[in-house]
Amino acid sequence: MPLILEQNMNISESLRTTDLLNRLSPAESVSTWSSCGKSREAIRELLEQKISESEVNSATGEMRDADAFFVADLAEVYRQLVRWHTNLPRVQPFYAVKCNPDPRVLALLVKFGTGFDCASKGELQQILSLGVSPERIVYANPCKAINYIRYARNNNVDFMTFDNTEELYKCKQHHPNARLLLRISTNDENSICRLSLKFGAPMSETEELLRVAKTLDLNVVGVSFHVGSGNLDPASFIDAICRSRVVFDQGERYGFHFNTLDIGGGFMSDSFEQTAAILREQLDTHFPANVRIIAEPGRFFVATAFTLAVNVVAKRRIPEENKVMYYVNDGVYGSLNCILFDHQHPVARVLKHAGRMCYNQYVGTGDHVCSIWGPTCDSLDVIASDARLPFELEVGDWIYFDDAGAYTVAAASSFNGFQTSKVEYVSTDLV
Ligand SMILES: *Cc1c(COP(=O)(O)O)cnc(C)c1O
C-alpha cells in the first residue's frame, strides 16, 4: 500500500503517513478490504448510539433533541483515495472543495497528500488555513472577481483557469505571473449537471484566446475541462481528451510550452474502474509521460462516505388514497438540497422502527407507498413524492439515506429556523 503514495512522494506530508497506511491496510487487496464489513458495523453502531442518546431519558421521562444527523465514514474517503491511485497512477487528484468542505474530510485529504480545487476566496482561505502549500491548489474558476484574483496572487496561488479574453486582461493586470490553464468546453450531454453550459471556451475560440494570451505575455501552461458532474458516459472523456490534444498543439504553435492537463471532475463511484481504463489508454495515447496530469474529483471521494439519518416528526394519513405523508427533520432546504441543485434522487430506507434498529435490513424492499416531506413550511420541500418503504412508520421512527456525501451539507441552509444537520464521524483515527 505505501507504493500508492509513491506518486505523491514530492508531497512531503504524505511521507509521514506511510506508517498509518501500513496499519490501516491489511495484506488483502484493496477490493477485499473495501468490501469488508468493518465500516458498516461502525456506521451502524454510531447511528444506534446517537439515536439512543436522542430518545426519551427513561429516568426523567424527558425528551431530548432527536435532530437529523450525518455519519461520515472517513475510512471510505481513504478507500476511494486508494482506489483512485490504484486505477489512475498518473493522475494527481485536486479535491473539489465545493462538493463537501467538511473539516475532517479536508484534514484527511491534506494528510494523504491530495491537492485542492478551490473556486472562491473563501475556499482558498479554508485550504490555506490548513497549512496546505499554495502549489497544491488550483484556482479552478474561469470567471473570478478581481479582488479574489488579487487574494490568490498575494497568497502565491498561481495555478488558475480561464476561458475568455476578459479574464486574460484581468490576469495581466492583477496576477501577471499566474500559470494559466485554458478551460475548454466539452460535450456533456450525458451528465446530470452540465457545466459546459456555463464554462469552457468553445473550440472555435481557443486559438484567439491563445493569441491574446501571447500578446499579453501571459504564461499559459495547459488545458482543463470538466465532462459534467454526475457523468453517466465514461466515453465522454475520449472526446474531451482529443479536444485537449488539439489545443495543446495550438499552444505549441503560439509558442507556449504546455506541461499540464487538468481532466476535471465528473467521476462516479459505480463506473470508476471503467472510466479509469478508458482514461489510462487515452492519456497514454495522446499525452507523453512528461505532461503532468491532474484532476478535480469531488463526488467520487465523498458521496459514498456519508449517511444521513432523519427523524419522523409528524405523519398524516390520506385514507382516500391509501397513502401516508411523513414529515422528517431535514429536507430540501437543508442537506437534501441535492434533490434540487444536484438532481439527486436519494433513496429513503428504514433505520429504526418501533424501537428496533433496521439499518440495512430492508434494502430493495417496500410495498408501503408514501410521501416524505422536509420540515419547512414550503411545499417545495418534498424529499420523495412516491417513496417505497417496507411498512408504515410511526412518529419517532428514523429513516436514512446512503451516499449522502456529495453536494448535501455543502449547500444546506437554515431556512425557516431549521439548523443544518451535524456530522458524526467513524474511523477518526485516520485524521
Ligand atoms: C464541481 C466541479 C468539480 C467537481 O465535480 P464532481 O462531479 O463532483 O467530480 C471539479 N471541477 C470543477 C471546475 C467544478 O466546477
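Please read these numbers as outputs of a predicted model, since none were measured by experiment. (Residues numbered from 1 in each chain as written. Predicted model: local features only at pLDDT ≥ 70, side-chain atom pairs only at ≥ 80, totals over all residues. Heavy atoms only, no water.)

**Some thoughts on the overall build of the chain**
Spelled out, the test is: Runs of E in the DSSP output that reach at least two residues are strands. Runs of H or I that reach at least four are helices, and both are numbered from the N terminus. The reference for a compact globule is 2.2 Å times residues^0.38; the radius of gyration itself is calculated from the C-alpha atoms. By definition in these notes, contact holds between two residues if any of their heavy atoms fall within 4.5 Å. A 1.4 Å probe and the Shrake-Rupley method give the accessible areas. Residues count as covered only by the protein chains that appear here. For the charge count, each Lys or Arg is scored as positive and each Asp or Glu as negative, with His and the chain ends excluded. By convention, charge coordinates are those of NZ in Lys, CZ in Arg, CG in Asp, or CD in Glu.
Counting its regular elements, the chain contains 15 helices and 19 strands. Over its C-alpha trace the chain gives a radius of gyration of 23 Å, about what one expects of a compact globule, namely 22 Å for 431 residues. With the C-alpha coordinates of the chain rotated into their principal frame, the extents come out at 75 × 50 × 40 Å. Taking contacts inside the chain between residues at least 6 apart in sequence as the whole, the part at least 24 apart equals 72%. Roughly 18,600 Å² of accessible area belongs to the chain as shown, and the carbon and sulfur atoms make up 50% of that amount. Averaging the locations of the 41 positively and 53 negatively charged side chains of the chain gives two centres separated by 4 Å.

**Quick notes on the UniProt feature "domain: Orn/DAP/Arg decarboxylase 2 N-terminal" (unreviewed entry) in the chain**
So the rule is basically this: UniProt positions are given in the numbering used here, feature names are shortened, and annotations may be inferred rather than shown by experiment.
The sites that carry the UniProt feature "domain: Orn/DAP/Arg decarboxylase 2 N-terminal" (unreviewed entry) are, in the present numbering, residues 74-303. Spanning residues 74-303, this segment combines 42% helix with 18% strand, and its end C-alpha atoms are found 11 Å apart.

**Observations regarding the UniProt feature "active site" (unreviewed entry) in the chain**
Stated formally: Summary of the burial criterion: residues with accessible area below 20% of their type's maximum are buried, those above 50% are exposed, and those between are partly exposed, where the area comes from a 1.4 Å probe applied to protein chains only.
UniProt annotation of "active site" (unreviewed entry) refers to Cys 377 when read in the numbering used here. Cys 377 gets classed as exposed once you look at its relative accessible area, which sits at 74%.

**Looking at the site of the ligand**
Quick reminder of the rule: When we say a residue is near a molecule or strand, we mean one of its heavy atoms is within 4 Å of it. Whenever two N or O atoms come within 3.5 Å, that pair is a polar contact, provided that in protein one can donate a hydrogen and the other can accept it, and provided that, for residues adjacent in sequence, both atoms are side-chain atoms.
Around the ligand, a shell composed of 14 residues is seen, among which Lys 98, Ser 229, Glu 296, Arg 299 and Tyr 407 lie nearest. Between an oxygen atom of the ligand and a main-chain N or O atom of Gly 266, the distance comes to 2.9 Å. Separating an oxygen atom of the ligand from a backbone N or O atom of Gly 298 is a distance of 3.0 Å. Against a free-state accessible area of 390 Å², the protein chains account for coverage of 93% of the ligand.

**Overview of the domain arrangement of the chain**
Rules: Where each domain starts and ends follows an automatic or database-derived domain assignment. A simple way to read buried area is as the amount of 1.4 Å-probe accessible surface that goes missing from two parts once joined, with both sides added. Each reported salt bridge corresponds to a side-chain nitrogen of Lys or Arg within 4 Å of a carboxyl oxygen of Asp or Glu.
Here the domain parsing of the chain yields domain 1 (30-72 + 303-426) and domain 2 (73-302). Spacing between the C-alpha centres of domain 1 and domain 2 amounts to 34 Å. Opposite the 23 residues of domain 1 that make contact, domain 2 presents 25 residues. Of the roughly 1,900 Å² buried where domain 1 meets domain 2, counting both sides, 58% is carbon and sulfur surface. Between Arg 299 and Asp 342 there is a salt bridge, with the nearest N and O atoms lying 2.8 Å from each other. Connecting domain 1 to domain 2 are 13 residue pairs in polar contact (both at pLDDT 80 or more). When contributions to the side of domain 1 that touches domain 2 are tallied by element, the ones reaching two or more residues are helix H4 (30-35), helix H5 (38-54), strand S1 (69-73) and strand S19 (422-426).

**Some details on the packing of helix H9 (residues 146-154) against helix H10 (residues 165-174)**
Convention followed: Angles here are taken between N-to-C directions and fall from 0 to 180 degrees, while the axes themselves are lines fitted to C-alpha atoms, restricted in helices to the stretch in contact. Convention used here: angles under 35 degrees read as roughly parallel, angles over 145 as roughly antiparallel, angles from 65 to 115 as roughly perpendicular, and any remaining angle as oblique. Crossing handedness is read from the near helix: turned anticlockwise from the far helix by less than a right angle, it gives a left-handed crossing, and turned clockwise, a right-handed one. Each residue is assigned to one class: nonpolar for Ala, Val, Leu, Ile, Met, Phe, Trp, Tyr, Cys and Pro, charged for Asp, Glu, Lys and Arg, and polar for all the others, Gly among them.
Across the interface, H9 lies against H10 with an axial gap of 10 Å and an inter-helix angle of 45°. Taken as axis vectors, H9 and H10 run oblique relative to one another. Here H9 runs over H10; the crossing is right-handed. Between H9 and H10, the residues in contact are Ile 146, Ile 149, Arg 150 and Arg 153 and Glu 167, Lys 170 and His 174, respectively. Counted by class, the contact of H9 with H10 contains 2 nonpolar, 1 polar and 4 charged residues.

**Regarding the nonpolar core**
Note that soluble globular proteins tend to have their nonpolar side chains buried in a common cluster. Formally: Residues belong to one nonpolar core when they are buried, are Ala, Val, Leu, Ile, Met, Phe, Trp, Tyr or Cys, and are joined through side-chain atoms within 4.5 Å.
One finds Phe 116, Leu 261, Ile 263 and Phe 267 to be the most contacted residues of the largest nonpolar core, which totals 104 residues. When residues in this core are grouped by element, the largest group, 7 residues, is from helix H6 (residues 74-87). If you count residues domain by domain, this core takes at least three from each of domain 1 (30-72 + 303-426) and domain 2 (73-302). The contacts of Leu 261, once residues within four sequence positions are left out, are Val 223, Phe 225, Ser 244, Phe 248, Leu 283, Phe 287, Val 291, Arg 292, Ile 293 and Ile 294. With 14 residues, the next largest nonpolar core counts Ile 51, Val 71, Ala 309 and Tyr 400 among its residues.

**Here's the deal with the packing of aromatic side chains**
Using the following cut-off: Two rings from Phe, Tyr or Trp (for Trp, the six-membered ring) form a pair when their centres sit within 6.5 Å of each other. Planes less than 30 degrees apart are called stacked, planes more than 60 degrees apart edge-to-face, and all others tilted. For a ring to carry a charge above it, either NZ of a lysine or CZ of an arginine must fall within 6 Å of the ring centroid while also lying within 35 degrees of the normal to the ring plane.
Within this structure, the stated rule accounts for 19 aromatic pairs. Between Tyr 78 and Phe 112 the ring centres are 5.2 Å apart and the planes differ by 55°, which places this aromatic pair in the tilted class. Here the residue Tyr 78 occupies a position in helix H6, and Phe 112 occupies one in the loop between helix H7 (103-111) and strand S3 (115-118), the gap between them amounting to 34 residues. We note that Tyr 78, like Phe 112, is buried. Residues Phe 237 and Phe 267 carry aromatic rings whose centres are separated by 5.2 Å and whose planes lie at 25° to one another, so their mutual orientation is stacked. In this pair, Phe 237 is assigned in helix H12 (residues 236-253) and Phe 267 in the loop between strand S10 (260-262) and helix H13 (272-286), connecting sequence segments 30 residues apart. Judged by relative accessible area, which is 2%, Phe 267 ranks as buried. Pairwise contacts between aromatic rings join Trp 84, Tyr 95, Phe 225, Phe 237, Phe 267, Phe 272, Phe 300 and Phe 301 into one cluster. One residue, Arg 104, lies across the ring of Tyr 425, its end atom 4.8 Å from the ring centre. Directly above the aromatic system of Phe 287 lies the positively charged group of Arg 245, at a separation of 5.1 Å from the ring centroid.

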